[in-house]
Amino acid sequence: MALSGPQQYPTELLDTTMDQLRTLLSVHETGTALAAARQLGREQSSVQKQLDTMNRTFGALCGEALVLKRGRGKDVLFTPTGEAIVDLARRTLGQWKDGLHDARRRLGRTLSVGSTRYTLGFLLDAVERVSDAYERRGVDLKVTHVRTGDLFTKLRSKELDLVCGSVVVTEGEEAELDPYDVIEWRRSGLSLLTNLSDGRLPGPSVGASELPELPLVVSAGGLIGRFLTSWYGPDYRQQLSIAAEIEAAHYGFELLRSGVVSGAMLVTRGIAEAAESGSLPEAGGLRRLDVVGDVGPRTEVLVGVFTRRGDRDSCDSGHPLNLLWDALAKDNERWWLSR
């Protein structure tokens with residue numbers, strides 16, 4: 001008759017500690033007990049003792065040791081059983097870590113938030129208004145930089161609880177916002193920042209249908225790529241004249257301001273307005289033209305605040321997530337009233 005409850009677990013398995021599992025992962029990652037000891041800040045003899053213990057334990061339980069020595073200076077060899085236990089250890093420790101984080105989040109002991117570079121100021125303003133309440137509750141607040149293309153990924157994985165940033169919304173594909181609560185700060189299109197003359201590129205706007213005729217500076221992916229794919233399809237690089245492909249906006253600004261590249265850089269309208277107003281000095285001296293979306297489906301930049309749908313409802317009004325959400329919502333309301 002099979003045992004059930006706590007008695008079903010072998011004693012040898014119950015003697016295995018999480019610290020031993022962490023040591024096993026470190027040896028797998030670094031290759032040797034010595035390297036793992038350095039990584040963990042321990043003596044090699046301590047690491048080796050744990051390895052020997054796990055070899056005996058799982059040798060008895062499974063019929064095969066986890067690691068085999070291969071001589072001085074060589075990495076240890078993980079057996080098939082060893083590889084399987086490494087995978088199990090990684091998942092076990094990860095699940096415990098996630099479970100503890102979820103418990104702390106539910107109780108309001110920790111909050112992980114993120115922002116893109118150009119929305120950090122809005123986030124920090126709201127954080128300042130709730131900082132006293134957070135301090136009284138002992139909230140561990142973590143703030144992370146998020147790239148636009150990773151915004152939803154980090155929310156889905158629960159790496160972050162709230163994000164301030166931008167996403168692309170294409171007509172007919174709005175359902176991708178359904179899993180999230182959203183505070184919309186604004187919706188807008190794209191603009192060009194250019195060092196081309198008025199004669200070469202007269203303003204104040206340019207149609208998306210005219211972009212293939214211009215030397216363009218475009219980011220390698222993310223938000224701008226979503227626009228171009230929506231307008232021209234996945235092979236947009238074959239249809240456009242790309243003078244420079246960049247990873248970060250400030251690099252494109254430097255290229256245009258230096259004159260090394262003559263062209264026009266696609267940016268969000270918010271960034272273009274900031275450059276024109278002088279609040280983005282690295283883009284100073286570049287001329288702004290708004291892009292009219294006259295090709296493809298209607299596509300917009302939605303700038304705002306995002307969190308997983310249902311998270312706020314599962315918490316009381318004094319929970320750190322709701323306090324920060326309310327502060328951001330009030331900031332947004334004041335901004336619209338001041339317009």
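In the block above lies the structure referred to throughout.
Reference entry: report on the structure contained in this document. (Residues numbered from 1 in each chain as written. Predicted model: local features only at pLDDT ≥ 70, side-chain atom pairs only at ≥ 80, totals over all residues. Heavy atoms only, no water.)

## Some words on the pattern of salt bridges
- Under the counting rule described, the total for this entry stands at 23 salt bridges.
- With its nearest N and O atoms 2.3 Å apart, the salt bridge here joins aspartate 331 to arginine 129. Of the two residues, aspartate 331 is situated in helix α12 (residues 320-338) and arginine 129 in helix α6 (residues 120-137); the sequence distance between them amounts to 202 residues.
- Here aspartate 331 falls in the buried class, since its relative accessible area comes to 18%. (Salt bridge = Lys/Arg side-chain N within 4 Å of Asp/Glu carboxyl O. Helix = DSSP H or I, 4+ residues; strand = E, 2+ residues; numbered from the N terminus. Buried < 20%, exposed > 50% of the residue type's maximum accessible area, 1.4 Å probe, protein only.)

## Details of the sheet that holds strand β4 (residues 140-145)
- As summarised here, the arrangement of the 5 strands in space is β4-β3-β5-β13-β6, forming an open sheet in which the pairing is mixed. Bordering the open sheet on either side are β4 and β6 (180-188), each of which pairs with just one other strand. Averaged over all neighbouring strand pairs, the angle between strand axes comes to 30 degrees, with direction disregarded.
- For strand β3 (residues 110-115) and strand β5 (residues 162-170), the ladder comprises 3 bridges, and the chain directions are parallel. When the sheet's bridge partners are listed, serine 115 is paired in β5 with cysteine 164.
- Lying over the sheet, helix α8 (residues 222-232) contacts β5, β6 and β13 (299-308), oriented at roughly 130 degrees with respect to β13. (Pairing = 2+ DSSP bridges. Axes fitted to C-alpha atoms, helices over the stretch in contact; angles between N-to-C directions. Contact = heavy atoms within 4.5 Å.)

## A few points about the sheet that holds strand β10 (residues 241-246)
- In space, the 6 strands of this open sheet follow the order β8-β12-β7-β11-β9-β10, with mixed pairing throughout. Each edge of the open sheet is held by one strand with a lone partner, namely β8 (205-207) and β10. Ignoring which end each strand starts from, the neighbouring axes of this sheet average 35 degrees apart.
- Direction of pairing for strand β9 (residues 215-219) relative to β10: parallel, over a ladder of 5 bridges.

## Examining the packing of helix α2 (residues 18-30) against helix α5 (residues 80-106)
- Orientation of α2 relative to α5, taken along the N-to-C sense of each, is 125 degrees, at an axis distance of 9 Å. Our classification of the angle between α2 and α5 gives oblique. Handedness of the crossing formed by α2 with α5: left-handed. Across from Met18, Leu21, Arg22, Leu24, Leu25 and His28 in α2, the residues of α5 making contact are Glu83, Ile85, Val86, Ala89, Arg90, Thr92, Leu93 and Trp96. (Parallel < 35°, antiparallel > 145°, perpendicular 65-115°, else oblique. Left-handed = near helix turned anticlockwise from the far one by under 90°.)

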